[in-house]
Structures are given as structure tokens and as C-alpha cells.
Amino acid sequence: MTISETTRKLATIVALDVAGYSARTEADEARTTAEVAALRKVIEAIAAKHGGRIFNTAGDGFMLEFGSSLAAVEAALELAETCEPKVRVGVHLGDVAVQPNGDLLGHGVNVAARLMAQATPGTALVSSPVRGSIRGPIAERLVTRGMLKLDKMAETIEAFALGGIEAGLSTPPTPAAARPTKPSIAVLPFANLSNDAEQEYFADGMMEEITNALSRIRSIFVIASASTQQYKGKPVSAHAVGRELGVRYVLEGSVRKAANRIRIAVNLIDAADGAQIWAERYDDTLDDVFALQDRVALSVAGVIEPAVRDAEIRRATRRPTTNIDAYDLYLKAVALVDTYEKQSMFEAIRLLERALELDPHYAQALSVAGYAHSQIFVSRWVEDIAPHRRFAKDYASRAVQLAADDADVLSWISTIYLALDEDAAMSTALIDRSLALNPGSSLAWMMSAWLRAAAGDADVAVAHMETSMRLNPSSSDRGHQLSGIALARFDQSRFEEAARLLTEAIQLQPAVSFNLALLTACYGYLQQKQAAEAVIAKYRQISSIGMRDRVALFRNPAHRKLFHVGIDLAEGKIHGER
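Here the structure is a predicted model, which is why all the values come from computation and not from measurement.

**Student:** Is there a simple way to explain the overall build of the chain in this structure?
**Tutor:** Across its full length, the chain holds 25 helices and 14 strands. A burial count over the chain gives 53% of its 578 residues as buried. Contacts in the chain between residues at least 24 apart in sequence constitute 65% of all its contacts with a sequence separation of at least 6.

**Student:** Please clarify how the nonpolar core should be interpreted in this entry.
**Tutor:** Buried together is how nonpolar side chains tend to be arranged in soluble globular proteins. Core analysis: the largest hydrophobic core is formed by 91 residues, its most contacted members being Ile-413, Trp-450, Leu-487, Phe-490, Leu-518 and Phe-563. No other element matches the 10 residues that helix H15 (residues 363-379) contributes to this core. Counting residues in hydrophobic clusters, the runner-up holds 34 residues, among them Ala-72, Ala-76, Val-89 and Ile-134.

**Student:** For this particular structure, what's the right way to read the packing of helix H3 (residues 29-49) against helix H4 (residues 69-82)?
**Tutor:** Orientation of H3 relative to H4, taken along the N-to-C sense of each, is 155°, at an axis distance of 9 Å. The angle between H3 and H4 places the two elements in the roughly antiparallel class. The handedness of the crossing between H3 and H4 comes out as right-handed. Contact with H3, carried on its side by Ile-43, Ile-46 and Lys-49, involves Ala-75, Glu-78, Leu-79 and Thr-82 of H4 and no other residues of that element. For the contact of H3 with H4, the class distribution of residues is 4 nonpolar, 1 polar and 2 charged.

**Student:** How do you make sense of the pattern of salt bridges when you look at a structure like this?
**Tutor:** Side-chain pairs of opposite charge can arise whenever the charged atoms involved come near each other. Within this structure, the stated rule accounts for 19 salt bridges. Glu-200 is the salt-bridge partner of Lys-232, the closest N and O atoms lying 2.7 Å from each other. One end of the pair, Lys-232, is in the loop between helix H10 (225-228) and helix H11 (238-245); the other, Glu-200, is in helix H9 (residues 200-215), and 32 residues separate them in sequence. Taking the shortest distance from any N to any O, the salt bridge between Arg-489 and Glu-497 comes out at 3.2 Å. In this structure Arg-489 comes out as buried when scored by relative accessible area, which is 11%. A cluster of three or more residues bridged by salt bridges with shared partners is formed by Lys-9, Arg-53 and Glu-65.

**Student:** I tried to follow unusual backbone geometry on my own but got confused; where do I start?
**Tutor:** Trans is the prevailing form of peptide bonds, just as negative phi is the prevailing case for residues other than glycine. The omega angle of the peptide bond from Glu-84 to Pro-85 is 0°, so this bond is cis rather than trans. We note that Tyr-340 has phi near 60°; this positive angle belongs to a residue other than glycine. Position of Tyr-340 relative to the elements: it lies in the loop between helix H13 (324-339) and helix H14 (342-358). The phi dihedral of Arg-380 is positive, around 55°, even though this residue is not glycine. By relative accessible area, Arg-380 is classed as partly exposed at 41%.

**Student:** Even after reading the chapter, I still don't get the confidence of the model for the chain, so can you show me in this structure?
**Tutor:** Any residue range with low pLDDT should be treated as having predicted coordinates unsuitable for detailed reading. Overall, the prediction assigns the chain a mean pLDDT of 82, with 89% of residues at 70 or greater. Note that pLDDT drops below 50 for residues 1-6; the model gives that stretch 1 contact with residues more than four away or on any other chain.

**Student:** What is the right way to look at the side chain of Glu-158 in this model?
**Tutor:** Mapped onto the fold, Glu-158 is located in strand S8 (residues 156-162). Ignoring anything within four residues of it in the chain, the contact list for Glu-158 reads Val-126, Ser-127, Ser-128, Thr-144, Gly-146, Met-147, Ser-227 and Leu-245.

**Student:** Help me out: how do you make sense of helix H21 (residues 478-491) in this one?
**Tutor:** Working note: α-helix, 3.6 residues per turn, so residues spaced by three or four point in the same direction. Taking 1.5 Å as the rise per residue, H21 with 14 residues should run 20 Å; its terminal C-alpha atoms sit 20 Å apart, in good agreement. Among the 14 residues that make up H21, 13 are buried, leaving the element largely enclosed by the rest of the structure.

**Student:** Which parts of the structure should I look at to understand H13?
**Tutor:** For H13, built from 16 residues, the straight-helix expectation of 22 Å at 1.5 Å per residue is met to within 8% by its first-to-last C-alpha distance of 24 Å. Burial in H13 covers these residues: Ala-326, Leu-329, Tyr-330, Ala-333, Val-334, Val-337 and Asp-338. The inward-facing, buried residues of H13 abut H14, H15 and H21. N-cap assignment for H13: the residue whose side-chain oxygen lies 3.0 Å from the backbone N of Asp-325 is Asn-323. Backbone geometry just after H13 places Tyr-340 at a positive phi near 60°.

About the thresholds
- Residues numbered from 1 in each chain as written.
- Predicted model: local features only at pLDDT ≥ 70, side-chain atom pairs only at ≥ 80, totals over all residues.
- Heavy atoms only, no water.
- Helix = DSSP H or I, 4+ residues; strand = E, 2+ residues; numbered from the N terminus.
- Buried < 20%, exposed > 50% of the residue type's maximum accessible area, 1.4 Å probe, protein only.
- Contact = heavy atoms within 4.5 Å.
- Core = buried A, V, L, I, M, F, W, Y, C linked by side-chain atoms within 4.5 Å.
- Axes fitted to C-alpha atoms, helices over the stretch in contact; angles between N-to-C directions.
- Parallel < 35°, antiparallel > 145°, perpendicular 65-115°, else oblique.
- Left-handed = near helix turned anticlockwise from the far one by under 90°.
- Nonpolar A, V, L, I, M, F, W, Y, C, P; charged D, E, K, R; others polar.
- Salt bridge = Lys/Arg side-chain N within 4 Å of Asp/Glu carboxyl O.
- pLDDT = per-residue confidence, 0-100.
- Expected span 1.5 Å × (residues − 1).
- Polar contact = N/O pair within 3.5 Å; in protein donor to acceptor, adjacent residues only side chain to side chain.

Right, dumping it as C-alpha cells:
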């Protein structure tokens, strides 16, 4: 027997690397090297805690082995959420070859590395073999990303996202993994409630026949039975199935036999809230099993199409909460948030907390509350801002778990992460998904424009903001829209135009201190000493933050420097320093 035959085994591999390593190294090699060295100790500790080990490293990359898939996923989540700098993580269960030095090679290792490459920083991608081998709460946190094409490999593999916002909403990187635009449904394996184990075949056949019948309806997207077989014999909620498979509706069924008679029960459930949409019971004899399966399948298919169509109409027209008092509190809070005044922001949070007491699952209220906390954090309106950062992130995470397909919720959350100066790629993924879900949302286009302007993509920012203004020309957000275009024009060194836009924006929203800081920088470049002095005085009345520190909206280092120089020019002229 050869060495290769005796040293192969099945193992769960965790691959991870540091996000943006090359750019970080180019910017500061010594610091990045030190960060990775410190990170190795963190990775080793987390791996050991979950019974794993590091078996290979290369630069910023680490390969870990675990004997348990559950332990590997738990470790992956901890690595994704705690490592600084942020890491990308891939997890796969597969065959590996053990080398004399303890290193592992083979297809299983390669798949983990390819999954890692497609993960967003701060999250993990888990393969379907891993998902199929674990149980418990952490398994329910895994959200399908569909079938992914792995780089430099012929195969595709179903992957699941875990960790951070990514798990709730990330748009798959390939068209094959995108959520269907038409109503989608998963038919779960039918439960055999008979004492007769031989009826298991009938239950399985019933599920297959109904799946096939529904697949012939062009207006409905039906998940293949191969994807739903993982739930056979397991207690699972429709909400969890909807989240994992990315479907709106779940069809459950059961079979019960008594003598020569059989009863088939079928339930159609809305995966979003677990509400039963339709239910039916069929009683018949077992004289002709196949004919019975055909009759039930055709009957179910005939009822499901109009039931789903009616549910889609209700879905499109329903309010995000059924509690009218909570809805009223939410509307009042949004109006206060739009003023961007300190006391109004705190009052908005108070109203939203009352709304959430009435409806804890009100995702829109959660997202706006998170936004309000993020603005208190970035504006430093209180001495201890750390709790507001935590509240903002917590509300964002809860909101996206409840409404990962709500364009406005994702728009608010994208801006939360912009204000907190979190991962830019995550903010962009959020807003891109929002635009894909609702290209007619003025809010989504406005938030997208701010993100593009912050990244330095000025032309796209202006185009997106102009779209927002066309969609809602009388919007109460006009102040935000004008200042967003102003930021893009400032990045292009078009200071006179930026100053004009900012002046109008400040008239509409005088409490937005960032606009005053940006206008000061414009006046610095335009050499307008008296105008700059007046704006600085107004800024100091409403903000205790130094103007040079208002840089969260400058993710492009060159534009951050442009801003700093403008402030220096303005203050230098006033104080005679230049």
C-alpha cells in the first residue's frame, strides 16, 4: 500500500486571508507585517479554542484544520467577527492528503481557498457539504448564496454566507446565484406520520410529484428537490428555510396511512413571517398510488398559483408593520431625523424605541434608529460615543436579518456603515442590492450617491444623486442631495460650484456641521477670508469637533488630504499663519 493511500482523510478546512493586504503593505509594509504577526497569535488562539490547528501559512494567508465541521464553522464566525484587520474566510469539508510535515494538500484545501476568495471581508463562505453536516443555531445563521463558480475550477458549489451583514443580504457575485425575481417556493420533504415505514416512499414521491407539477408553472420559481432534501426528518421553521434557500414561500406536507386509506395534508406558508397562506387535506384510498399522487400534485399546483399571486399582491401593498401606532411613531421619527438637529435626533430615537416596544420586528424602525445612533456617534454629540456605535451596529444587524429584501432598510444600513467608517465594500454591497431590489427608490439612489462621493467616484455620485432628485424633486431630502453633489464637486476641485451648492444646502439644513466644514474648505481654496470666518463661527456654535476631524466621508486618501489643506488655508488666512 502506498503512502498516498494511507495518508488521505476527510477534514474540514478553514482558509482565511487579510482583506486588502497588498494595498496595506504598499502603504506601510512594516506596520502591515507587524499586524499580520499579531493576527497569527489571535488565529492560533481561536483555532485551539475550537479544537483546530494552523497547518500552513503564506504571507497574509492561513490554512486551518478541524476535525469537526461545527467547530470549524464556530471558529470561522469568531475569526470573521473579531479579527483586525478584517479577514475573508472560506470553509469546506473534503478529502485531503496528509504530508509528512503535517501539511494538508488536495481538492478539499483548494475549494476552501476559492470560497475564501469570494467572501466579503468580515464574513465567511461555507460550502454545502459543511452546511449539511451541522445542526443547531449556528446552522440557521447560514444563508444561501446559491451556486458559485469557483475560480480556476470546472465545478460549481452551493455556498452559504455567515457573519456580519453579509449573511443577511449579500448579492451573489454570479448571475447563477442571484435571487429569482419572480415568486419563489421550496417544497419540503413530506413527513410520514404512519407507523408503516414502507409509506416513506409514498411521502417522498408525493413531494417529487408536487415539485415537478409546480415547476411547470412559468410564473413561479421552484427550488430543486435536491436542495430541500437536506431538511428531511428535521424540525425546521419555514422562516429558516426561506432565509437559507432564498425563497418567499414554503410548502409543507404530511402523509398518514390507516388500513387502505391515506390522508395527505398540505400547507403553504409565507417564509417571511410564518403566516399560513393556504391549507388543504386530501383523503383517498391506496388502490392506485401513482394516480393518487398525480391527482394531488395537479390539485396543489392549480391552487398554489392563484394563492401565490394573491400573496404577492398583499406583499407589495402591505405596510412594514401591522401596528398603526408603531407606524405613526416611525413617521414622526423620520421627520425628526431629516432635520439633523441634535435634540431632534435624540427625540427620534425615543420615538423609535417606543415603536419597537409595540413591534419588535419592525425592521424599518430598527434601521432608522441605527442611523440616528450613527449620526450621534459621528457628530460626537455626547461625551461617551462608544455606546451609540454599538447601538447603531446592533440595530443594523437586527434590521437586515428581518428585512434583507427591503430596499429602504438596506439604504439606511449602508449609510450607517458609512458614518461608522466601516468596511467600504460592505456599504457598497448593501446599496447595490438596494438599487437592484428597487431601482425606483429615491432614497436608495441618494444613499448610493453619498457612498460613491465618499469613495471618490464623483461622476457616478452626481449621476446617482440627479436620479434621486428626478425621482422625487420635492423631496425633504433636498439638503442632503445638494450637499452630496457638493462633496463630489469638491473632490473634483470645483470649489466654486461646491460652495454654491453647500450654501443652498445649509439654508435647508443649518444643523449639518459637515456641510459647514466642507464649505470652509471651499472658501480656503477660493481665498474668501471673511466668508470662511463667518462659517467657522457658525460651525463652532453647533459642533465641538475640530473641522479637520470631519473625515468619515472621505474614504479616498487624496480627497481627505484635499479637505485638510482647504481647512488649513481657511484657518491660516484668518489667523495670519500663511
